[in-house]
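Inside the fold
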Amino acid sequence: MTTSPDIARIVDAIRSRHRFVLSSHSRPDGDSIGSQLAMAYALKALGKEAVAINADAAPPPLLAFPGVTDIRIAAEADGPYDAAIIMECGDLARTGVQGLEQYFVINIDHHPGNTNYGQINWFNESAAACGEMVFDVVTALGVPLSVEIATHVYLAILTDTGSFHYSNITPRTFEIAGACIAAGVDPVMVARNVYDSNNMGRLKLFGAVLSAMQIDQTGRIAIVYLDHEMARAAGGTYEDTEGLINLPLTVKEIQAVVFFKEHEGETYRVSMRSKGDIDIGAIAKQFGGGGHKNAAGCTVTGAIDALQKTFVEKMERAIDRAQVEAPAVSK
Ligand code: 5GP
Ligand code: MN
């Protein structure tokens, strides 16, 4: 258990308040939903009022988890809350929810470059998931680990480590995951809900996007692209692309992936993933986005060919840098 002074301040702030609004980033993922709802269940266990508000609905596979359909989808928070707990957001604008700054803000996050936007800020870059930090807060609050809380913490960890693939994993990750299983979480059911509950449109969409995939000239980078027309033709939606970006990385030679999704006109959402020491988070940051070393994103505008060339060049340099720095492996 981390005994940080920040956790003690968060615990005091929670104990002395009653009504909480909980928010996390727009276009939610397993870590944002898991962190938010683990915290909501813990607050309710303490007899507090906890209202979760997000800008966007959870991706369909997450709707099966407890409390997810109770999350309010709204562009603004204006209720009579004593505090706003913001999890998994490097800055307050990442929520996409207006009005949160009017409350006493508690900021709990693991993204490099967090802007310390809260009255209390707890930032731990070494946490593999924000859900690990929420677990520490729940423990410090003395709330027993219910199956609901444990399920959401486990969901956060499972998804933010790319099902235990990424380099952010620490012994603590497994300690917390172990505690969740001991509390009654069924890892098979969680994995099935997250990874094996697709609809056919999603599979067809994966097929269309992967058929059109390009590989850079060094053979190390996969470039994937999706626009509204492709999604329509395949019978899938943009929401169905969750997780698609990880598939090219299953090829041994592929070190990094960049995924361009047409938003509107020449504006694209860019997602990137990488293996090992390859830092694509720094690239996302150059374009006003953010994320982590192995998983990051940003929004860009321009001609798609030029954008692809720019990102591929930067990723090639990041791969070269990582290989230079990589320790020699004894065989
Ligand atoms: P994804 O590719 O799944 O959208 O995002 C991967 C990671 O990068 C997540 O941790 C997410 O929070 C972060 N990320 C993605 N897009 C943005 C962005 O536009 N701004 C910031 N600050 N972080 C982002
Ligand atoms: Mn996260």
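This text goes with the structure placed above it.
Keep in mind that what you see is a predicted model, and the values were worked out from it rather than measured.

1. So, the overall build of the protein
Helix and strand content of the protein: 10 helices and 12 strands. Over its C-alpha trace the protein gives a radius of gyration of 20 Å, about what one expects of a compact globule, namely 20 Å for 331 residues. In terms of overall dimensions, the protein has a C-alpha envelope of 60 × 50 × 35 Å along the principal axes. Per-residue burial over the protein gives 51% buried out of 331 residues. Within the protein, contacts between residues separated by at least 24 positions form 62% of all contacts whose residues are at least 6 apart in sequence.

2. A word on helix H2 (residues 30–45)
In this model, H2 (16 residues) spans 22 Å end to end at C-alpha, consistent with the 22 Å of a helix rising 1.5 Å per residue. Here H2 lies mainly inside the structure; 13 of its 16 residues are buried. Of the residues flanking the start of H2, the one acting as N-cap is aspartate 29, its side-chain oxygen 3.1 Å from the backbone nitrogen of aspartate 31. Backbone geometry just after H2 places glycine 47 at a positive phi near 80°.

3. Section: the site of ligand 1
Around ligand 1, the structure places 14 residues, and the nearest of them are Arg94, His111, Arg269, Ser271 and Arg273. Here arginine 94 contributes a side-chain N or O atom positioned 2.9 Å from an oxygen atom of ligand 1. One of the side-chain N or O atoms of histidine 111 is found 3.1 Å from an oxygen atom in ligand 1. Contact with the protein chains hides 83% of the accessible area of ligand 1, taken as 490 Å² for the molecule alone.

4. Let's talk about helix H4 (residues 147–160)
With 14 residues, H4 should reach 20 Å at 1.5 Å per residue; the first-to-last C-alpha distance of 20 Å fits that figure. Within H4, 11 of the 14 residues are buried, which leaves it mostly tucked inside the rest of the structure. Listed in full, the buried residues belonging to H4 are Ile149, Ala150, Thr151, His152, Val153, Tyr154, Leu155, Ala156, Ile157, Leu158 and Asp160. Those residues of H4 that are buried lie in contact with H2, helix H3 (130–140), helix H5 (171–182) and helix H6 (187–195).

5. A look at the coordination of the manganese ion (ligand 2)
Each pair of donors in an ideal octahedron of six around a metal sits at 90 or 180 degrees, and each pair in an ideal tetrahedron of four sits at 109.5 degrees. In the first shell of the manganese ion (ligand 2), the protein supplies Asp31 (OD), Glu88 (OE), Glu88 (OE), His110 (NE2) and Asp160 (OD), at 2.1 to 2.4 Å from the metal. Between consecutive donors of the manganese ion (ligand 2), the numbers of intervening residues give the motif D-x56-E-x21-H-x49-D. Of the two residues, glutamate 88 is situated in the loop between strand S4 (83–87) and strand S5 (105–109) and histidine 110 in the loop between S5 and strand S6 (120–123); the sequence distance between them amounts to 22 residues. On the basis of relative accessible area, histidine 110 is assigned to the buried category, the value being 1%.

6. A word on the nonpolar core
One finds Ile14, Met39, Ile85 and Ile108 to be the most contacted residues of the largest nonpolar core, which totals 52 residues. The biggest single contributor to this core is H4, with eight residues. Not counting chain neighbours up to four residues away, the residues in contact with isoleucine 108 comprise Ile10, Met39, Ile85, Ile86, Met87, Glu88, Trp122, Cys130, Met133 and Val137. Membership of the second largest hydrophobic core comes to 23 residues, among which are Val270, Cys298, Met315 and Ala318.

7. Comments concerning the pairing of S5
Taken across its five residues, S5 has five buried, putting it largely inside the fold. Side chains Val105, Asn107 and Asp109 project from S5 onto one buried face, and the interleaved Ile106 and Ile108 project onto a second face that is buried too. The pairing of S4 with S5 spans four bridges and is classified as parallel. Paired with isoleucine 86 across the strands is asparagine 107, a residue of S5. Across four bridges, the pairing between S5 and S6 is parallel. Each residue of the ladder has a partner; that of aspartate 109, found in S6, is phenylalanine 123.

Conventions we followed
Numbers given to residues run from 1 along each chain, matching the order in which its sequence is written. Throughout, the order in which chains and ligands are written sets their labels, letters from A for the former and numbers from 1 for the latter. Per-residue local features are limited, in this predicted model, to residues with pLDDT of at least 70; the limit for side-chain atom pairs, both in listing and counting, is 80 or more; totals at the level of whole chains, interfaces and linings are taken over all residues. Only hydrogens and water are set aside; all other atoms, that is, all heavy atoms of the structure, feed into the side-chain values. Each helix corresponds to a stretch of at least 4 residues labelled H or I by DSSP, and each strand to a stretch of at least 2 residues labelled E; elements are numbered beginning at the N terminus. Both definitions apply: the radius of gyration is a C-alpha atom measure, and the globule rule equals 2.2 Å times residues to the power 0.38. Buried means the residue's accessible area, taken with a 1.4 Å probe over protein chains only, is under 20% of the maximum for its type, while exposed means over 50%, and partly exposed covers the values in between. Contacts: residue pairs with any heavy atoms within 4.5 Å of one another. Expected span of a helix: the number of residues minus one, times 1.5 Å. Throughout this description, a polar contact denotes any pair of N or O atoms lying within 3.5 Å of each other; where both atoms belong to protein, one of them has to be capable of donating a hydrogen while the other can accept it, and for residues adjacent in sequence the pair is counted only when both atoms sit in side chains. Note on definitions. A residue lies near a molecule or strand when any single heavy atom of the residue is within 4 Å of it. Working definition of accessibility: Shrake-Rupley area with a 1.4 Å probe, residue cover restricted to the visible protein chains. Coordinating donors are taken to be N, O and S atoms lying within 2.8 Å of the metal, or within 3.2 Å when the metal is Na, K or Ca; because water is excluded from the atom set, some sites may appear incomplete. Buried Ala, Val, Leu, Ile, Met, Phe, Trp, Tyr and Cys residues form a nonpolar core when they are joined through side-chain atoms within 4.5 Å. When DSSP locates at least two bridges between a pair of strands, those strands are taken to pair.

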